[in-house]
Every structure is written in structure tokens, then in C-alpha cells.
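# Fold and contact review
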Amino acid sequence: QVHLVESGGGSVPAGGSLRLSCAASGWNISVNCMAWSRQTPGKRREGVASFDPDGSTTYGDFVEGRFTVTRDNAKNTLSLQMNSLKPEDTAMYYCAAAFWTGRRCLRMGNGDFGYWGQGTQVTVSS
């Protein structure tokens, strides 16, 4: 059974930093697609960062170089270092996973990854 557990969220002032972690079990993150997404009430879920099996990473346009996603294969953990946080970064951050087809990440019909954690709340004050 795939199980993803996020941690590291909290409340910080604008300009602060947080490091989120996603511990995966029943799932080898090194050979599958991993991603961080976030959602604010009233807004559509948006992608924050992704990490593919080939080591490639992508970031949402709003990241603007402030975040770094890393993968620790030995610990089977995905992390997201967030610096220079802004109030608009306030959201529930989710760890997500999807199968790697060899060419792309396998998404659901709505475009989402198939597995999700419970999320960790990030709140950035003005």
C-alpha cells in the first residue's frame, strides 16, 4: 500500500524558510514520479515542484528560484526547501506520486497524480 506522509509545515513570517519532507512507504521514489503540490481554499490545486526518475526537476512559475526539491533515495524521502516565502505561498502542501511510464508520469483523468499524502499546512504571515 502506498503511503505518503508530509511533515515540516508551520507558520513563518514573510521572507522565512521551511523545509518540507515526504516519507514514502510501499513506493520507491527513485523509479517513479514525485511532486509537491499545494492548494488554497477557493483555488485550483497547483504544482509546486516535481522530481522525475531521470533526476529532472520542474517548478511552478511562481517558485521563481526560491524552492528546491530534492530526493533522498536511501531514505526514500522527498524534500522541498522553501526560502524567501511570501504570504501568497500560504497553502496546504501535498506530496504526490505517480507511476513512471518510461516517457512520462501517469496522471489521472483530471491531470492529478494518483497518490497523495494528507498534506502539511504552510502559513506565511505578512
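My aim in this report is to walk through the structure given alongside it, one point at a time. (Residues numbered from 1 in each chain as written. Predicted model: local features only at pLDDT ≥ 70, side-chain atom pairs only at ≥ 80, totals over all residues. Heavy atoms only, no water.)

### Topic: the pattern of salt bridges
If the charged atoms of two oppositely charged side chains come close together, the side chains can form a pair. Worth spelling out the cut-off: Salt bridges are counted wherever a side-chain nitrogen of Lys or Arg sits within 4 Å of a carboxyl oxygen of Asp or Glu. For helices the rule is a DSSP run of H or I covering at least 4 residues; for strands it is a run of E covering at least 2, with both sets numbered from the N terminus onward.
A complete count under the given rule lists four salt bridges for this structure. In this structure, Asp89 and Arg66 form a salt bridge, with 2.6 Å as the shortest nitrogen-oxygen distance. In this pair, Asp89 sits in the loop between β8 (77-82) and β9 (91-98) while Arg66 sits in the loop between β6 (57-59) and β7 (67-72), placing the two residues 23 residues apart along the sequence. Each of Arg38, Glu46, Arg66 and Asp89 takes part in one network of salt bridges that share partners.

### Digging into the environment of Val63
With respect to the helices, strands and loops of the structure, Val63 is situated in the loop between β6 and β7. Taking the C-alpha atoms as reference points, Val63 and Asp112, separated by 49 residues in sequence, lie 19 Å from one another.

### With respect to the packing of aromatic side chains
Heads up, the rule is: What counts as a ring pair is set by centres within 6.5 Å for rings of Phe, Tyr and Trp (its six-membered ring), and what kind of pair is set by the plane angle: stacked under 30 degrees, edge-to-face over 60, tilted for all other angles. For each residue, the accessible area found with a 1.4 Å probe, counting protein chains only, is set against the maximum for its type, and the residue is called buried under 20%, exposed over 50%, and partly exposed in between.
Taken as a whole, this structure holds four aromatic pairs when the rule is applied. Summarising the aromatic geometry, the rings of Trp27 and Phe99 are spaced 5.0 Å apart at their centres and angled 55 degrees between planes, so their arrangement reads as tilted. Here the residue Trp27 occupies a position in the loop between β3 (18-25) and β4 (33-39), and Phe99 occupies one in the loop between β9 and β10 (115-116), the gap between them amounting to 72 residues. With a centroid separation of 5.3 Å and 55 degrees between ring planes, the pair formed by Trp27 and Tyr115 is classed as tilted. Of this pair, Trp27 sits in the loop between β3 and β4 while Tyr115 sits in strand β10; the two residues are 88 residues apart in sequence, bridging distant segments of the chain. For Trp27, a relative accessible area of 6% translates into the label buried. In textbook terms, an aromatic cluster arises when at least three aromatic residues are bridged by ring pairs, as seen for Trp27, Phe99 and Tyr115.

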